[in-house]
Each structure stands twice: as C-alpha cells, then as structure tokens.
Amino acid sequence: VQLQASGGGLVQAGGSLRLSCAASAPVFSNYAVGWLRQTPGKEREFVAAISRVGRRTRYSEFVRGRFTVSRDNAKNTVDLQMNNLKTEDTAVYYCAARSTVTGVVYDNINDYTNWGQGTQVTVSS
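Residues numbered from 1 in each chain as written. Predicted model: local features only at pLDDT ≥ 70, side-chain atom pairs only at ≥ 80, totals over all residues. Heavy atoms only, no water.

1. Regarding the overall build of the protein chain
Here is step 1: Counting its secondary structure elements, the protein chain contains zero helices and eleven strands.
Here is step 2: On C-alpha atoms alone, the protein chain measures out to a radius of gyration of 13 Å, which is about the 14 Å that the 2.2 N^0.38 rule sets for 125 residues.
Here is step 3: Counting only C-alpha atoms and orienting by the principal axes, one finds that the protein chain spans roughly 40 × 25 × 25 Å.
Here is step 4: With the model as given, the accessible surface of the protein chain reaches about 6400 Å², and the carbon-plus-sulfur share is 44%.
Here is step 5: Each charge class in the protein chain can be summarised by its mean position, and for the 14 positive and 9 negative side chains these summaries are 6 Å apart. (Helix = DSSP H or I, 4+ residues; strand = E, 2+ residues; numbered from the N terminus. Rg over C-alpha atoms; globule rule 2.2 N^0.38 Å. Areas by Shrake-Rupley, 256 points an atom, 1.4 Å probe, with all protein chains shown as cover. Lys, Arg positive; Asp, Glu negative; His and termini not counted. Charge placed at Lys NZ, Arg CZ, Asp CG, Glu CD.)

Next comes the structure, spelled out in structure tokens:
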C-alpha cells in the first residue's frame, strides 16, 4: 500500500487542522493505520491509531481528548482531526499502515511496515 499525507499547515495555538491520509490499496480494510509525528532532534512518536474497519482507536496521552482519528474505507482515507492545537504539537506528521486480519490497533512505530511522506504542522503562539 502507498500512503500520502496532506493537510498540514500553519495555525495559531487553539486552532484546528484536519490531516488526511490517502491510500492506494486494493482492499484498504486489510490495513490498520496510525498517525505518528517527529520533531527535529527527537524520535518519531505515536499519535493515534485506528483498526482496519475503524471499530477501535487509540491515542497518545498528549493528544487524547483533542485529536480524533477516523477512516472511510470506501474512499481509502484516514483522517486526523486536530483541535485545540498547542505549540508542542508542531511536528512533521506521518501516516503509516500495517496489513492485518484482526481488529488490533498498533501504538508502536515499529509495528508499521508502510509509510507515507510527512506533512508539516506548525502551531504558533
């Protein structure tokens, strides 16, 4: 599966952005998807994940309650709605996928086998 993230940009603290991950896959519902982010000098970190048909989600403690992950398997997309953004959310955001037949969500970056290019999110104070 090939992935392409979009929707990043510059926003003021307290604002919102919606990221989208478009996938090319014959059966997108065979893939669990995650969002991860990275800032310069730091390791890539888990943000949110969604199971292959969307019944389960998981969030990092840093974004829980502010971010929402969703998917539309008919359109082969996974979105990340980010509300009440903080300056510390500034990062390059990546979507990633892993083939699975179960309803598991993956919060370890090493679990993902397919990665898209990142999209920059910058939150100003």
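2. Structural notes on the nonpolar core
Here is step 1: The biggest cluster of nonpolar side chains holds 29 residues, and the ones touching the most others in it are Trp-35, Leu-80, Met-82 and Tyr-93.
Here is step 2: Every element with two or more residues in this core is listed here: strand S1 (2-6), strand S3 (17-24), strand S4 (31-38), strand S5 (45-50), strand S7 (67-72), strand S8 (77-82), strand S9 (91-99) and strand S11 (119-124).
Here is step 3: If you look at the next biggest cluster of nonpolar residues, it comprises eight residues, including Leu-36, Ala-96, Tyr-106 and Tyr-112. (Core = buried A, V, L, I, M, F, W, Y, C linked by side-chain atoms within 4.5 Å. Buried < 20%, exposed > 50% of the residue type's maximum accessible area, 1.4 Å probe, protein only.)

3. Quick notes on the sheet that holds S1
Here is step 1: With respect to topology, four strands assemble into an open sheet ordered S1-S3-S8-S7, the strand pairing being antiparallel. Taken across any chain shown, the strands that pair with only one partner, and hence form the sheet edges, are S1 and S7. Neighbour-to-neighbour, the strand axes of this sheet turn through a mean angle of 15°, independent of strand direction.
Here is step 2: Bridge count for S3 against S8 is six bridges, and the pairing is antiparallel. Residue pairing in the sheet places Ser-20 in a bridge with Asp-79 of S8. (Pairing = 2+ DSSP bridges. Axes fitted to C-alpha atoms, helices over the stretch in contact; angles between N-to-C directions.)

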